[in-house]
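In case you want the letters, here they are:
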Amino acid sequence: MPRAERTLSEQLSDDIVEIIRAERLGPGDALAPSRDLARRLDVTTPTLREALRRLEATDVVQFRHGSGTYVGPGIHRRLLANPHGPRIDRESVLELVEARLVLEPAIAAAAARTRAEEGVRQLEAAVTNALQPPVRDVRPAVHFHVALATASGNALLRETLEALLHVRALDQIEIRHRYDDRERDHAEHVQILDAVRSGDQEAAERITREHLMAIRDVIAATDLPRSGE
């Protein structure tokens, strides 16, 4: 079948992304006002805003009320979440935990070996996230386990884990609601941070594995509906 023609909104979305890249803007940087972008791309302001809303859906841009439009973390993301994905069930949440069990203990060992400065700073800042009770679907600005991957010094590992947690964001939110012992969660994160700081690869890997296995056990015992129910 011939390829469907792209809509004006799709073309404009790509043009805006090219502007972001050409100007070397990164997450948190402000875009030019919509009127200026519309004039630059020779379209009306409402048409330009429609393209921006498309980019907002994938977190490439973020609107801040009364402030403007900013580049979002999605500008670097290679995997995108399906907003119409299937409902959450026990199997989908366990699947995410199992995937994390394969990846994250080894990532923790790499973090303890490398101790990339920026990642360790992020770990220190994010370690208290666990003490905050979950609020609906609000996610922390820096996820502790993404910071752990950042400390490995391997950008692809960080991007992989960040993309996984974004693609399965609703499952991850469910995990946080179900694994609701805030003090225990925080204590385990502190132990992981201490192991990374001290360069103890074996401890970092073991503690991360035990932490995720505890989460898996809690999810396995929940009353979440099973697939097909």
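What you see is a predicted model, and the numbers here were worked out from it, not measured in a lab.

How each quantity is defined
- Residues numbered from 1 in each chain as written.
- Predicted model: local features only at pLDDT ≥ 70, side-chain atom pairs only at ≥ 80, totals over all residues.
- Heavy atoms only, no water.
- Pairing = 2+ DSSP bridges.
- Helix = DSSP H or I, 4+ residues; strand = E, 2+ residues; numbered from the N terminus.
- Contact = heavy atoms within 4.5 Å.
- pLDDT = per-residue confidence, 0-100.
- Axes fitted to C-alpha atoms, helices over the stretch in contact; angles between N-to-C directions.
- Parallel < 35°, antiparallel > 145°, perpendicular 65-115°, else oblique.
- Nonpolar A, V, L, I, M, F, W, Y, C, P; charged D, E, K, R; others polar.
- Buried < 20%, exposed > 50% of the residue type's maximum accessible area, 1.4 Å probe, protein only.
- Arc of directions from axis to C-beta.

**Some details on the pairing of strand S2 (residues 68-71)**
And then number 1: Pairing of strand S1 (residues 61-64) with S2, which is carried by 4 bridges, proceeds in the antiparallel orientation. Residue Val61 lies in a different strand from S2, and its bridge partner there is Val71.
And then number 2: In textbook terms, the turn of a hairpin is the stretch between consecutive antiparallel strands, and for S1 and S2 this stretch comprises 3 residues, one of which, Gly66, has a positive phi near 75°.

**Some words on the environment of Thr45**
And then number 1: You can see Thr45 is positioned in helix H3 (residues 45-57).
And then number 2: A C-alpha to C-alpha distance of 5.7 Å links Thr45 and Arg35, two positions 10 residues apart in sequence.
And then number 3: Ignoring sequence-local partners within four residues, the contact set of Thr45 consists of Ser34, Arg35 and Ala38.

**Some points on the confidence of the model for the protein**
And then number 1: In the predicted model, the protein carries a mean pLDDT of 88, and the fraction of residues at 70 or more is 90%.
And then number 2: Summarising per-element confidence for the protein, the mean pLDDT is lowest in helix H8 (residues 169-178) (87) and highest in helix H9 (residues 182-198) (97).

**What to know about the packing of helix H4 (residues 90-114) against H8**
And then number 1: Remark: H4 packs on H8, axes separated minimally by 9 Å, with the N-to-C direction vectors making an angle of 90°. Taken together, H4 and H8 sit at an angle that is classed as roughly perpendicular. Contact with H4, carried on its side by Ser92, Val93, Leu96, Val97 and Arg100, involves Asp171, Gln172, Glu174 and Ile175 of H8 and no other residues of that element.
And then number 2: Split into classes, the residues belonging to the contact of H4 with H8 amount to 4 nonpolar, 2 polar and 3 charged.

**As for helix H2 (residues 34-41)**
And then number 1: Taken together, the buried positions of H2 are occupied by Ser34, Leu37 and Ala38. Projected down its long axis, H2 shows its buried positions confined to an angular sector of 100°, all on one face. Of the exposed residues in H2, those oriented more than 90 degrees away from the buried face are Arg35, Arg39 and Arg40.
And then number 2: The secondary structure elements touched by the buried residues of H2 are helix H1 (8-22) and H3.
And then number 3: Looking one or two residues past H2, Asp42 carries a phi angle of roughly 60°, positive in sign.

**Some remarks on unusual backbone geometry**
And then number 1: Not every positive phi belongs to a glycine, and Arg24 is a case in point at roughly 55°.
And then number 2: With respect to the element layout, Arg24 can be found in the loop between H1 and H2.
And then number 3: In this structure Arg24 comes out as exposed when scored by relative accessible area, which is 77%.
And then number 4: With phi around 50°, Arg115 is a residue other than glycine that occupies positive phi space.
And then number 5: Relative to the elements of secondary structure, Arg115 occurs in the loop between H4 and helix H5 (117-126).
And then number 6: The exposure class of Arg115 is partly exposed, given its relative accessible area of 39%.

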